[in-house]
Amino acid sequence: MKTMRLDKAEDGFAILTLDADGAMNVVNDDFIADMEQVTKLVAGDDAIKGVIVTSAKKTFMAGADLKQLVIGFETLTPAEAYAFSQRATGMHRAIEHSGKPWVAAINGLALGGGFELALACHHRILVDDPKALVGLPEVNVGLLPGSGGTVRLGIIAGMKTALDLLLSGRSVGPAEALKLKIVDEVVPAGTLIDAAKAWLATGPDAVKPWDVKGWVPPQKKGMTVPEDSAAYMMATGGLAKSGYNQPAPLAILNSVFQGLQLPFDKALAVEGKHFAKLLTNPVARNIIRTTFISRLAAEKGARRPEGVPKFEAKKVGVLGAGMMGAGIAFVSANAGIDVVLIDRDTVTAEKGKAYSAKVLGKLTQDQADAVLARITPTDDFALLEGCDLVVEAVFEDTEIKAETTKKAEAVLPAHAVFASNTSTLPISQLAKASLRPDQFIGLHFFSPVDRMALVEVIMGQQTSKETLAKGLDFVAQLRKTPIVVNDSRGFYTSRVFQMLIHEGAAMLAEGVPPAVIENSAKAVGMPVGPLALLDELTLDLPLKIVDQAIAEEGDKYTPPAGTAVMRRMKDEIGRSGRKSGGAFYEYPEGGKKHLWAGLGEYFPVKDGWDVEELKRRYLYAQAMETARCLEEGVLETPEDADLGAVYGWGFPTWTGGTISYIDTIGIENFVKEADRMAQLYGPRFLPSAWLREKAARSEAFYAPAEDASTKEAVPA
């Protein structure tokens, strides 16, 4: 067997040890084939009185191999996907029908298909280790547990617990798992197998409750029970919190609802049909591909140049102790790197260090002290001596950045990398102030730095491949997700993000009610409406970007669609953002923010708007600008585009990102619809000749899915 071994013992208690190739055990074709072989052997061997399932690895089982699942949308029919689900379901039923009691000795993490295996066992014992999390997080990848997870969890833990765990996708530690009754025992690591043998020695019944003749499903009366009816209504209302356009939460709710009313095997069949529908839906493909496969590949160095020695930063300088600089200093120190945090005076630098103390609140005092000891706040550039890398995070002004660069490079060793955290200023332009432009790069962090995973790595015209490799190695040290983009105004994320806020402002000028503008953006899956975002950013920032472009490009530059509205708000109406008291919103002291009532006076509401059209406009405006970034070479891969969209500014996860959205619609349909929008709303929607040619060839941005069997598994 490829993925496990079965060891018999004189006491009759066989030990099945999961031990697949790779870092973790995963559910794939090889695993299922081995389990089918084992269950037949166990059922037919009278010498085996019971089975203990455990793992040779630090984890028990991570779940399904996502590289196998991601190709389901393109390669499987719903019938084939259902058959795939039923094979795994049958594997678990074979355990229950083997006539022997099985106990899961869960020695570490057990998620997804790994925990479904445990649920199929007759008894579950979990090691008392905070890293030993259990759960069914399939909702996070647009799926549901497809081999009995929703049905068994509903029966074992009850409807409310099952829906909480399944809809949130959260995993729980030993104490909570025991409290929720999804495991039966929690024991110290050294006693796990002994505890399993002790349970088997009690001669437990090998028949599951639902296989006992006369068993009645827990909610046989369905919605006629008022408490159950109310609970389901509440759960249905709560689905909006899971995000619009996400089919998995509704499928999970349906599967649990039906699973608690139907005979057990019928319930499993219903669950399998829901799973098959999700697996062949592009949403699951999009989520899995971007948030797991592409993200993990990026973090493992997919864009790192080959042949460059590995770089490890031991000491870094952070220039500027404002919110961004303070955050960069914290994540660097938290990664074990010594940090020199510089600002105009020591008092300001100390305030930047204090941010680290604030976010370290959950650690023990000793742990927090160790991190804080790595940060040296100062106004003395001489302390940069010996730094391997510097991140400049001063005010977004070319002259100030140039002055800071020169002061730092006067002290830095010749090998040091100089990185700018700018979000919009061209790196090639900033590198003109550097003595070593080949060692100058952009590292655009996102705020708040300690919570945002993405780093946009920007190549200047003279940035060397060695500098790119070092920049990516530094991002890896910080345990963040990099994308690589080439130099241009606004790079990628800032450039495309502006399309969202400008589209919202343009809608306001057209007479769309402000609340509809905000809610249609949230309905499509954006975390915040564009008017609320503008209030947080302040109108000064997007207008400054526009004014800089006009100054440098003149008539060649076309201001974005919402520019006129922003100028009117700021210059005529005198409302520019939250910091100055509010722009599109009011912020009453002690009350909840709300849209400013005066908007209707300056931007009268008109009839004729359509919510579905507004939602399309948000998505198309951002997707079209991303396509332009690929055409212009600002972006080189669709993976970078999608990672930047999802993790940079919160483009809806269900789409997989701006480029996956185009592929999901189909490039021909996208171009046709964009032409229609361009006639109605303006040239920002107009497809380029390059995009039209791709559409004429029916050429998707992503290559067709490849056979996952020859690739390294990516666990769920």
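Here the structure is a predicted model, which is why all the values come from computation and not from measurement. (Residues numbered from 1 in each chain as written. Predicted model: local features only at pLDDT ≥ 70, side-chain atom pairs only at ≥ 80, totals over all residues. Heavy atoms only, no water.)

Asker: Is there a simple way to think about the pattern of salt bridges in this case?
Answerer: Opposite charge on two side chains permits them to pair, given that their charged atoms come into close proximity. In total, this model carries 45 salt bridges according to the counting rule given. With its nearest N and O atoms 2.9 Å apart, the salt bridge here joins E96 to K208. Of this pair, E96 sits in helix α4 (residues 78-96) while K208 sits in the loop between α9 (192-200) and α10 (226-238), and the two are 112 residues apart along the sequence. Grouping residues by exposure puts E96 and K208 together as buried. (Salt bridge = Lys/Arg side-chain N within 4 Å of Asp/Glu carboxyl O. Helix = DSSP H or I, 4+ residues; strand = E, 2+ residues; numbered from the N terminus. Buried < 20%, exposed > 50% of the residue type's maximum accessible area, 1.4 Å probe, protein only.)

Asker: What am I meant to see in empty space enclosed by the protein here?
Answerer: It is a probe the size of a water molecule, rolled over the atoms, that shows where empty space is left. Scanning all chains against the criterion turns up three cavities of 30 Å³ or more. Its boundaries defined by the atoms lining it, the largest cavity holds a volume of some 280 Å³. Lining the largest cavity are 23 residues, with V27, A64, L69, E116 and F275 positioned closest to its centre. If you list the elements that add at least two residues to the lining of the largest cavity, you get α2 (66-69), α4 and α5 (113-120). In terms of residue count, the dominant contributor to the lining of the largest cavity is α4 (five residues). The residue inventory of the lining of the largest cavity, partitioned by class, reads 12 nonpolar, eight polar and three charged. (1 Å grid on protein atoms, 1.4 Å probe; cavity = no way out; pocket = protein on both sides within 12 Å on 5 of 7 lines; lining within 4 Å. Points joined across faces, edges and corners; volume = space filled by probe spheres on them. Nonpolar A, V, L, I, M, F, W, Y, C, P; charged D, E, K, R; others polar.)

Asker: Would you mind going over the packing of aromatic side chains with me for this structure?
Answerer: We describe a pair of aromatic rings using the distance from one ring centre to the other and the angle between the two ring planes. Across all of its chains, the model carries 11 aromatic pairs by this definition. Centroid distance Y492 to W649: 5.6 Å. Interplanar angle 70 degrees. Geometry classified as edge-to-face. A residue pair is termed long-range when its members are at least 10 positions apart, and Y492 in the loop between β18 (481-486) and α20 (493-510) and W649 in the loop between α27 (638-648) and α28 (658-665) qualify at 157 residues. There is no split in this pair, since Y492 and W649 are both buried. The structure contains a cluster of three or more aromatic residues connected by ring pairs, namely Y620, W654, Y661 and F670. Looking at R295, its charged tip hangs above the ring of F292, at a distance of 5.7 Å from the centre. (Phe/Tyr/Trp six-rings, centres within 6.5 Å; stacked < 30°, edge-to-face > 60°. Lys NZ or Arg CZ within 6 Å of the ring centre and 35° of its normal.)

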